[in-house]
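Notes for the structure review
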Amino acid sequence: MLDILCATDLSPTAATGVLFADDLASRMAGNVTLLHVLGKNERTGEGRDKAQVFMDRHASLVEHTTVTELMLEGDALATIAEEASRHAMMVCATHGPQGLRQQLFGADILKLVRKLPVPCLVVQDQSTVPARPGPVVLPVAGHENITGLLDAVVMLARAYQAPVHIFQLLRPGESPSDQLLENKKRMMLHLEEHGVSHEEIDVPGTTFSIGFAAGTIAHARKAEASCIAIMADASDEYRYMADAEKERMLTNEHGIPVLCAP
């Protein structure tokens, strides 16, 4: 049975991630493992008892499948990454760059997803579980190996019974690189082979911009997308700006979930 890991810092924001994990698990005929890495003040006595109370409350949000509670000790990032290797994918909620309860789920969210060996769906505090899921927006990536991303997109598109928008922002006076052109072909072929409905969305840029987040988010909003799917790591072609752009998408103020693939 497919098992989804949901990492939580036990905050109200993290509860949004639990709701998404429950929804996805029910769509995939799977179950949920709820993971909290205990902080220094939660490992014994009253602190641990309090953490267990909040853990039980989060577990009670899982209504459509079975849930397993897991509280572990250790370095948070390393512990989550190790546990994630035993699951099909992970879901977590981010607080955004400010107002953090744990920095790991805020400013360090990009660092976290880059450590994971499995795909991770990152949701925001204002994200809502889609009653009628929209398309998965797949920006054309410049990486040499995008197989993991494509497999993750197929898994999510099937779960949501949603089409995929292969999205490319065309900047004025700039032609796509050979790698981008090749990857677009690979995306279309992979989706065709797996029977996933898809369409190309080429959006001409009206002004020159070195970033890609704003255009991608704008299309996702217009399309009422279920999520945006990206590679967690930066490609060599856009490494100089990728971190800021990926963080911008992960913490977007519109609550559009972001699927990150290793």
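Residues numbered from 1 in each chain as written. Predicted model: local features only at pLDDT ≥ 70, side-chain atom pairs only at ≥ 80, totals over all residues. Heavy atoms only, no water.

Some points on the overall build of the protein chain
- Secondary structure assignment for the protein chain yields eight helices and ten strands.
- Of the contacts made within the protein chain by residues no fewer than 6 positions apart, 82% connect residues no fewer than 24 positions apart.
- Just so you have it, the protein chain exposes about 12,000 Å², and 48% of that area is on carbon and sulfur atoms. (Helix = DSSP H or I, 4+ residues; strand = E, 2+ residues; numbered from the N terminus. Contact = heavy atoms within 4.5 Å. Areas by Shrake-Rupley, 256 points an atom, 1.4 Å probe, with all protein chains shown as cover.)

Digging into the nonpolar core
- Judged by nonpolar contacts, the single largest core of 49 residues is most densely connected at Leu 24, Leu 121, Val 153, Val 164 and Leu 259.
- The element that contributes the greatest number of residues to this core is helix H5 (residues 147–160), accounting for nine residues.
- Grouped together as the second largest cluster of nonpolar side chains are 34 residues, Leu 77, Val 122, Ala 232 and Ile 256 included. (Core = buried A, V, L, I, M, F, W, Y, C linked by side-chain atoms within 4.5 Å. Buried < 20%, exposed > 50% of the residue type's maximum accessible area, 1.4 Å probe, protein only.)

Considerations on the sheet that holds strand E10 (residues 258–261)
- Taken together, the ten strands give an open sheet; going across it, the order is E3-E2-E1-E4-E5-E10-E9-E6-E7-E8, and neighbouring strands pair in mixed fashion. Across the chains shown, the open sheet's two edge strands, defined by having one partner strand only, are strand E3 (67–72) and strand E8 (198–204). Neighbouring strand axes in the sheet, compared pairwise and without regard to direction, differ in orientation by 25° on average.
- Bridging between strand E6 (residues 136–139) and strand E7 (residues 164–170) involves four bridges; their strand directions are parallel. Among the inter-strand pairings, Pro 139 is bridged to a residue of E7, identified as Phe 167.
- Sheet strands in contact with helix H1 (residues 12–27) are strand E1 (3–7), strand E2 (31–37), strand E4 (89–94) and strand E5 (120–124), and its direction is about 150° off that of E4.
- Across the face of the sheet, helix H7 (residues 213–223) comes into contact with E6, E7, E8 and strand E9 (227–231) while running at roughly 140° to E7. (Pairing = 2+ DSSP bridges. Axes fitted to C-alpha atoms, helices over the stretch in contact; angles between N-to-C directions.)

Structural notes on helix H2 (residues 45–59)
- For H2, spanning 15 residues, the distance from its first C-alpha to its last is 21 Å, which sits close to the expected 21 Å at 1.5 Å a residue.
- Along H2, the residues that are buried comprise Ala 51, Met 55, His 58 and Ala 59. Taken end-on, H2 shows its buried residues confined to a sector of 95°, consistent with a single buried face. Of the exposed residues in H2, those oriented more than 90 degrees away from the buried face are Glu 46, Asp 49, Lys 50 and Arg 57.
- Tucked into the core, H2 has its buried residues touching H1, E2 and E3. (Expected span 1.5 Å × (residues − 1). Arc of directions from axis to C-beta.)

Observations concerning the pairing of E4
- Of all six residues in E4, six are buried; the element is thus mostly enclosed.
- On E4, burial covers both faces: Met 89, Val 91 and Ala 93 on one face and Met 90, Cys 92 and Thr 94 on the other are all buried.

Comments concerning the packing of aromatic side chains
- In this structure the tally under the stated criterion is zero aromatic pairs.
- One cation-aromatic arrangement involves Arg 57 over Phe 54; the distance from NZ or CZ to the ring centre is 5.0 Å. (Phe/Tyr/Trp six-rings, centres within 6.5 Å; stacked < 30°, edge-to-face > 60°. Lys NZ or Arg CZ within 6 Å of the ring centre and 35° of its normal.)

Some details on the pairing of E3
- With six bridges connecting them, E2 and E3 associate as parallel partners. Bridge pairing in E3 places Val 37 opposite Leu 72.
- This β-α-β element, E2 to H2 to E3, shows right-handed connectivity. (Right-handed = clockwise from strand over helix to strand, strands pointing away.)

Brief notes about the side chain of Thr 79
- Mapped onto the elements, Thr 79 comes out in helix H3 (residues 76–84).
- Overall, Thr 79 belongs to the buried group, its relative accessible area being 10%.
- When near neighbours in sequence (up to four residues on either side) are disregarded, Thr 79 contacts Val 37, Leu 72, Glu 73 and Gly 74.

Side note on the confidence of the model for the protein chain
- Mean pLDDT for the protein chain: 90, with 90% of residues reaching 70 or above.
- Contacts of residues 99–103 to residues separated by more than four positions or lying in other chains number twelve contacts, the stretch itself having pLDDT below 50. (pLDDT = per-residue confidence, 0-100.)

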